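Chains, contacts and geometry: an overview
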Amino acid sequence: LTLENINIHIYPSNMTNESRIFKESKFISRNCDFERIILLGIWKEGLNKDEQYEGNIYIKRVSLFNIKKRSILYLYYFMYVFVFIVLHRPKMINIHTLEFLPLSLIAKIFKIKIIYDTHELETEKANFKGFRKKISKMIEKAFIGFVDKVIVVGEAIADEYKKMYPKMDRPYVVLNTPNYKITQKNDLFREKFNIDKEKIIFLYQGAIAPSRGVEILLETFKETDKVIVFMGYGSLVDKVKEYSLKYKNIYFHEAVKPEVLLNYTSSADVGFCLIENSCKSYDFCMPNKMFEYLMAGIPVIATKLFELKRFVKKNEIGLLIDSYNDISNIIDKINNQVISQYKQNIENVKLIYNWEEQEKILKTIYKELNKC
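Residues numbered from 1 in each chain as written. Predicted model: local features only at pLDDT ≥ 70, side-chain atom pairs only at ≥ 80, totals over all residues. Heavy atoms only, no water.

Digging into helix H11 (residues 288-295)
Defined as follows: Relative accessible area decides the class of each residue, using a 1.4 Å probe on protein chains only: under 20% of the type maximum gives buried, over 50% gives exposed, and in between gives partly exposed. Note on conventions: DSSP H or I runs of at least 4 residues are helices, E runs of at least 2 residues are strands, and numbering of each starts at the N terminus. Contacts were defined at the residue level, with two residues in contact if any of their heavy atoms lie within 4.5 Å.
With seven of eight residues buried, H11 lies mostly within the body of the structure. When we look at burial in H11, the residues that qualify are Lys289, Met290, Phe291, Glu292, Tyr293, Leu294 and Met295. Of the surrounding elements, those touching the buried residues of H11 are strand E9 (201-207), helix H9 (261-265), strand E12 (270-273), strand E13 (300-303), helix H12 (306-315) and helix H14 (336-352). Taken from the residues just after H11, glycine 297 is the one with a positive phi, measuring 85 degrees.

Structure follows, in structure tokens:
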């Protein structure tokens, strides 16, 4: 069998809001010579099983017969991808999460180039505890040697991987930043929710889920007249909606497409990035929303996680809190003068931390693999 000139991306999501994978696949489409780039996701009701995303980029969602149990769902997806690799023999595979790293062995047998394209510190994820954590460490240690390149999402994570696997080259760091954009101030939230022009709008953007400060923000803002908008999706959406019906200063906005996201983000004045330090992966994280806030020209209020603290202090682009108990005091200190103090710093930071700069790193990686 001959290798098909395709690149596949393995990630068990619905492939609807995977901004990092979409941006990377667009880069590959423009700069590399693959006939097709296929994003292998998981189908759910209301989505197409096969669709053309853009140009020669296609999304293929695997139908899993309404399987609910995560372990069985992942096993079925694993078998599907395994068969897909055997039948199609792609020229390059990007594995975006640890659970599917064993596929690198079969890829290596077929002389397929493999990138371990991680989205966090994979063996230290919040839901990895006890036996599951031990197994994940064993899997990564056993199979990481088969991959050609490792890409991570932050400097601290790159350092950690180098420490864990000293014989391996230090991974490349590709931050999940937006494309550079000179952002005009928008007023989409004020217009939609009829918010007073004098009010400062605080924004929580992204996964509306536990360990991200959502519940404490709801409790804090219900006691104030300050305005907060929650925009995204996740397991706590119903709770946010419930509070938005009870309190006139709390609003919910559904998630929006990546291509219009910054128009909405720039309609706020300050962004929250309140990841809880519940695991090493979170401590070392550099969330998408941090860079989205900056590209939209708004300062941040962030928790003092290892990497976030270093970034916010170094660039002077917002305020840090020691604990969730500080939120009330911090929001009381925010006024238009404080916001404007950070604006110029943010404009300078945007010139360094944007997707165009990250693509330069990707170009180096793919050139070394003889793919660009």
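And the narrative resumes.
Observations regarding the sheet that holds strand E11 (residues 250-254)
Where we set the bar: Strands are labelled as partners when DSSP assigns at least two bridges between them. For helices, the fitted axis covers only the stretch in contact; all axes are lines through C-alpha atoms, and the angles between them, taken along N-to-C directions, range from 0 to 180 degrees.
Read across the open sheet, the six strands follow the order E11-E10-E9-E12-E13-E14; overall the sheet is parallel. Edge positions in the sheet fall to E11 and strand E14 (318-321), since each has one partner strand and no second. Each neighbouring strand pair of the sheet contributes to a mean axis angle of 25 degrees, computed without reference to strand direction. As paired strands, E9 and E12 are joined by three bridges and run parallel to one another. Paired with tyrosine 204 across the bridge in E12 is phenylalanine 272.

Some points on the sheet that holds strand E4 (residues 57-62)
Taken in spatial order, the eight strands make up an open sheet running E3-E4-E2-E1-E5-E6-E7-E8, and their pairing is mixed. The sheet is open, and its two borders are formed by strand E3 (50-54) and strand E8 (172-173), each paired with just one other strand. Bridge count for strand E1 (residues 4-10) against strand E5 (residues 90-95) is five bridges, and the pairing is parallel. Bridge assignment links glutamate 4 to a residue of E5, and that residue is proline 90.

Quick look at the packing of H11 against H12
Convention followed: When an angle is under 35 degrees it counts as roughly parallel; over 145 it counts as roughly antiparallel; between 65 and 115 it counts as roughly perpendicular; any other value is oblique. Each crossing is labelled by how the near helix is turned from the far one, with a counterclockwise turn of less than a right angle marking it left-handed and a clockwise turn marking it right-handed. Under the convention adopted here, Pro, Cys and the residues Ala, Val, Leu, Ile, Met, Phe, Trp and Tyr are nonpolar, Asp, Glu, Lys and Arg are charged, and Gly plus all remaining residues are polar.
The contact between H11 and H12 brings their axes to 12 Å, and the two run at 15 degrees. The angle between the axes of H11 and H12 places the two elements in the roughly parallel class. Judged by the sense of rotation from one axis to the other, the crossing of H11 with H12 is right-handed. Between H11 and H12, the residues in contact are Met290, Phe291 and Leu294 and Leu308, Phe311 and Val312, respectively. For the contact of H11 with H12, a count of residues per class yields six nonpolar, no polar and no charged.

A few points about a nonpolar patch on the surface
Quick reminder of the rule: A patch consists of residues whose relative accessible area exceeds 30% and which take part in no salt bridge; residues with like charges are grouped when within 9 Å of each other, and nonpolar side chains (Val, Leu, Ile, Met, Phe, Trp, Tyr) when within 5 Å. Here, Shrake-Rupley sampling with a 1.4 Å probe gives the accessible areas, and only protein chains in the shown set may cover a residue. Salt bridge criterion: a side-chain nitrogen from Lys or Arg within 4 Å of a carboxyl oxygen from Asp or Glu.
A cluster of nonpolar side chains, contributed by Tyr180, Ile182, Leu351 and Ile352, occupies part of the molecular surface with about 400 Å² of accessible area. Among the structural elements, tyrosine 180 can be located in the loop between E8 and helix H6 (188-193). According to the relative accessible area criterion, tyrosine 180 is partly exposed, its value standing at 31%.

A few points about the side chain of glutamine 358
Mapping glutamine 358 onto the fold places it in helix H15 (residues 355-368). Excluding residues within four positions of it along the chain, glutamine 358 makes contact with Val173, Val174, Leu175, Thr177 and Ile352.

Looking at the side chain of serine 136
Within the secondary structure layout, serine 136 lies in helix H4 (residues 130-143). In contact with serine 136, other than residues within four places in its own chain, are Leu98, Thr123 and Phe128.

Focus: the packing of helix H7 (residues 214-221) against helix H8 (residues 237-246)
Where H7 contacts H8, the two axes come as close as 11 Å, and the packing angle between them is 5 degrees. Comparing their axes, H8 and H7 come out roughly parallel. Taking contact as the criterion, the partners of Val214, Glu215, Leu218 and Glu219 in H7 are, on H8, Lys239, Val240 and Tyr243. Here the residues of the contact of H7 with H8 are counted per class, giving four nonpolar, no polar and three charged.

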